[in-house]
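Tertiary structure, described
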Amino acid sequence: MRWGKAMLVYNRKAGKEKAGQLGDAVAALAGEVGELTLVQTAEPGDGEKICRERGSDYDLLLVLGGDGTVHECINGVAEAARPPEIAILPGGTCNDFARTLRLPMQVGRAAEEVLAGRVHDTDVGRVNGRVFTNFVGIGLITDTSENIDSDQKERIGKLSYFLSTLRTLRQAEPFKFRLKHDEGTVDSEAVMILVANGRSLGTAKLPFAGSGVHDGILDVLIVREAGLSLAWQVINGGDLTDYRESGGVIEYIQTSSLLVDTDEPKGIDSDGEIYLQTPAEISVQPSKLRFYYGPETTQGSLVDSLAELDTRSSID
Ligand SMILES: Nc1ncnc2c1ncn2[C@@H]1O[C@H](COP(=O)(O)OP(=O)(O)OP(=O)(O)O)[C@@H](O)[C@H]1O
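What counts as what
Residues numbered from 1 in each chain as written. Predicted model: local features only at pLDDT ≥ 70, side-chain atom pairs only at ≥ 80, totals over all residues. Pairing = 2+ DSSP bridges. Helix = DSSP H or I, 4+ residues; strand = E, 2+ residues; numbered from the N terminus. Axes fitted to C-alpha atoms, helices over the stretch in contact; angles between N-to-C directions. Near = placed C-beta within 6 Å. Nonpolar A, V, L, I, M, F, W, Y, C, P; charged D, E, K, R; others polar. Domains from an automatic or database assignment. Parallel < 35°, antiparallel > 145°, perpendicular 65-115°, else oblique. Left-handed = near helix turned anticlockwise from the far one by under 90°. Contact = placed C-beta atoms within 7 Å. Buried ≥ 20, exposed ≤ 12 C-beta atoms within 10 Å, placed from the backbone. Arc of directions from axis to C-beta.

What follows deals with the sheet that holds strand β10 (residues 192–196). As summarised here, the arrangement of the six strands in space is β14-β13-β10-β7-β16-β17, forming an open sheet in which the pairing is antiparallel. The sheet is open, and its two edges are formed by β14 (250–255) and β17 (273–277), each paired on a single side. Each strand axis lies, on average, 20° off the axis of its neighbour in the sheet, ignoring direction. Across three bridges, strand β7 (residues 135–139) lies against strand β16 (residues 267–270) in antiparallel orientation. Along β16, the bridge assignment pairs Gly137 with Asp269.

Below you can see the structure in the form of structure tokens.
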């Protein structure tokens with residue numbers, strides 16, 4: 001028996017209804033868990049509450065849901081004296097942090113990878129006293145996340161929705177900001193500031209080198225008003241070095257902490273959830289939590305791509 005006690009937090013409202021995913025997860029893991037507690041979330045906030053109250057009673061915390069559910073659960077356990085190891089079972093729409101952890105996108109297969117035992121200390125971010133796994137965004141990304149209609153998101157997936165919103169945007173409203181980082185200050189205007197710990201956003205691979213979650217560093221993109229389509233090319237996997245000489249359209253900074261202040265308070269998107277406002281005090285928390293990973297070769301495999309195509313439809 002590998003784990004004495006495990007708790008599985010299940011958000012059945014995350015992602016599209018996929019028959020059998022809970023059963024697949026339990027079937028894969030049951031033989032290795034002495035006592036398995038299943039908790040279903042009934043409403044937003046439940047995942048965090050249960051993890052705060054009971055997370056440290058367990059050796060393993062399994063989170064079956066998307067990035068929002070993961071965000072809640074890690075906020076529940078981050079300050080525990082003895083946080084459990086965490087395994088994400090990707091049951092959401094984008095599952096961006098599960099992608100960073102190279103997990104397969106099918107719940108049953110991800111559960112099988114947990115059995116392989118690749119568990120590593122992992123960086124998370126902190127913003128205004130909350131923790132995030134994947135990213136923090138200010139500006140355009142927040143506007144886009146706020147406008148997502150949940151039915152549409154279910155039908156077409158979050159990435160397609162981001163792209164369609166951005167394609168139709170004729171202009172984005174720039175905002176003034178002051179950003180202090182490890183080595184200096186930027187006093188400027190932008191349409192978006194993106195601070196990444198993870199490597200995937202809206203299912204697209206971000207263009208930063210390395211795994212991102214073992215380096216004690218946050219990757220910051222400042223996107224200025226002129227560069228919407230250029231910016232999106234970069235964020236969707238373009239080569240950052242090509243844009244360093246692009247007349248300052250995009251500025252790329254690596255830092256372990258930063259402070260962002262804006263003229264007017266602006267919403268902060270953390271892992272897709274918007275409930276904080278600027279000023280934003282952001283830092284990396286190196287090796288804060290232990291997560292389970294997939295194998296080096298999983299992400300981008302043909303099998304995964306085909307399985308995903310099956311659950312998505314295009315908007316074009
Ligand atoms: N029983 C519930 N009913 C309604 N909402 C819930 C319930 N349980 C949790 N939630 C909320 O559901 C929201 C969406 O969940 P989540 O982000 O995990 O899925 P998703 O949006 O489909 O996936 P992703 O963020 O990976 O694209 C979270 O903000 C969470 O607070």
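Let us look at the site of the ligand. As a structural note, the neighbourhood of the ligand is formed by 22 residues, with Ala14, Pro44, Gly66, Gly68 and Gly92 the closest of them. Looking at the shell around the ligand, the element that brings in the most residues is helix α3 (residues 67–77), giving four residues. Among the residues forming the shell around the ligand, the class breakdown is four nonpolar, 11 polar and seven charged. No fewer than three residues from each of domain 1 (3–118 + 293–311) and domain 2 (130–287) sit in the shell around the ligand.

Our focus in this paragraph is the environment of Glu43. When you line up the elements, Glu43 lands in the loop between β2 (33–40) and α2 (46–54). Separated by 22 residues in sequence, Glu43 and Gln21 place their C-alpha atoms 20 Å apart.

The subject of this paragraph is the packing of α2 against α3. Running from N to C, α2 and α3 point in directions that differ by 25°, and their axes come no closer than 7 Å. As far as their axial angle goes, α3 and α2 are roughly parallel. Along this stretch, α2 crosses α3, giving a crossing that reads as right-handed. Between α2, through Gly47, Glu48, Lys49, Ile50, Cys51 and Arg52, and α3, the contact on the second element is made entirely by Thr69, Glu72, Cys73, Asn75, Gly76 and Val77. Considering only residue class, the contact of α2 with α3 consists of four nonpolar, four polar and four charged.

Let us look at helix α1 (residues 21–29). Gln21, Asp24, Ala25 and Leu29 are the residues of α1 that are buried. Projected down its long axis, α1 carries its buried residues within an arc of 110°, all on one side.

Split into domains, the protein comes out as domain 1 (3–118 + 293–311) and domain 2 (130–287). Each partner contributes residues to the interface: domain 1 has 14 residues there, and domain 2 has 22 residues. Broken down by secondary-structure element, the contributors of at least two residues to the side of domain 1 that touches domain 2 are α3 and α4 (96–100). Broken down by class, the residue content of the side of domain 1 that touches domain 2 amounts to five nonpolar, five polar and four charged.

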